[in-house]
Amino acid sequence: YHVNCTTVDGYETFTASLKGPTGASRVDLILSCVDNYEARMTVNTACLEMQQTWMESGVSEDAVSGHIQLLVVASGIDEKTLKREGVCAASLPTTMGMVAGMLVQNTLKHLLEFGRLQNQVGNLATIDIQGQLNQEADGGALPSDGAPKATREKISTMSSEVVDDNPYSRLMALQRMGIVDNYQAIRDKTVAIVGVGGVGSVAAEMLTRCGIGRLLLYDYDKVELANMNRLFFRPEHSGMTKTDAAIATLAEINPDVQLE
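Below is a summary of the structure that appears in this document.

Conventions we followed
Residues numbered from 1 in each chain as written. Predicted model: local features only at pLDDT ≥ 70, side-chain atom pairs only at ≥ 80, totals over all residues. Heavy atoms only, no water. Helix = DSSP H or I, 4+ residues; strand = E, 2+ residues; numbered from the N terminus. Buried < 20%, exposed > 50% of the residue type's maximum accessible area, 1.4 Å probe, protein only. Areas by Shrake-Rupley, 256 points an atom, 1.4 Å probe, with all protein chains shown as cover. Pairing = 2+ DSSP bridges. Right-handed = clockwise from strand over helix to strand, strands pointing away. Contact = heavy atoms within 4.5 Å. Polar contact = N/O pair within 3.5 Å; in protein donor to acceptor, adjacent residues only side chain to side chain.

**With respect to the overall build of the protein chain**
When its secondary structure is counted, the protein chain shows 6 helices and 8 strands. The order of helices and strands in the protein chain, counted from the N terminus, is α-β-α-β-β-α-β-β-α-β-α-β-α-β. Burial status across the protein chain gives 44% buried among its 260 residues. When the accessible surface of the protein chain is totalled, it reaches about 13,200 Å², and 51% of it is carbon and sulfur.

And the structure:
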């Protein structure tokens, strides 16, 4: 969805796309990966109106710390303090990768109901600190030699068979080991990611590799060469919308995932 959800028309498009035929939300979880106040508040407002659970993520201006937070009701924090106007924030792919990893790890625990779900997790890269915070939450190019890329067919049922050509064998091992009761249930889950930038694009890739059933992607920006410090986008994506670039690559990684 190439849309600016902070405008009146964009907000209507955004909320309408989240709803099913009955008018209720059709997604199991929304991941807020936006980096500006207006978009963050838009996501918060939509989730509150729809009684929708969501996870918020953020990276500091100096790019050396980040956090995620599971939200069900408004926290009451003045979010204008999270990002100052006129500041060009630094951007490290390492910090964004760690935040995306924490985000997806807690997404899987929430969706598949295993382990201990943390309400809020933070990371401080300068001294390698990561842990729970004591706060309760209210399309890719051809290889350089021009050879065609390897592809795979869609798989109707996840198999736990341990063979080299089974892309789900190591994921289904979580079920064999008793960590998850039914890993294939992830195929029944829908996650919406708002903001397909340094954190959101990597989170989308991780969920795609995990075999999520459906991903809804939202961003109104285009890929620029200035985005190449991030982990997901490549130079040939420059000029494409971030949503189109993401879907082109994600569809090749796992054709079983439904992408919007």
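**With respect to the pairing of strand β7 (residues 214-218)**
The buried fraction of β7 amounts to 4 of the 5 residues, a majority that puts the element mostly inside the structure. Relative to β7, strand β6 (residues 190-194) is paired through 5 bridges, and the arrangement is parallel. By the bridge assignment, Ile-193 is partnered in β7 with Leu-217. Once the chain exits β6 it traverses helix α5 (residues 200-210) before rejoining the sheet at β7, and the crossover so formed is right-handed.

**Overview of the environment of Ser-159**
Position of Ser-159 relative to the elements: it lies in the loop between β5 (129-132) and α4 (169-176). For Ser-159, a relative accessible area of 29% corresponds to the partly exposed category. Ser-159 sits 10 residues away from Ser-169 along the chain, and the two C-alpha atoms are 6.5 Å apart. Setting aside residues no more than four positions away along its own chain, Ser-159 makes contact with Asn-166, Tyr-168, Ser-169 and Met-172. At 3.0 Å, the side chain of Ser-159 forms a polar contact with the backbone nitrogen of Glu-161.

**Let's talk about unusual backbone geometry**
Even without being glycine, Gln-51 reaches a positive phi, approximately 55 degrees. Relative to the helices and strands, Gln-51 resides in the loop between α2 (37-50) and β2 (54-59). The phi torsion at Glu-113 lies on the positive side, around 55 degrees, for a residue other than glycine. On the secondary structure map, Glu-113 appears in the loop between α3 (93-112) and β4 (120-124).

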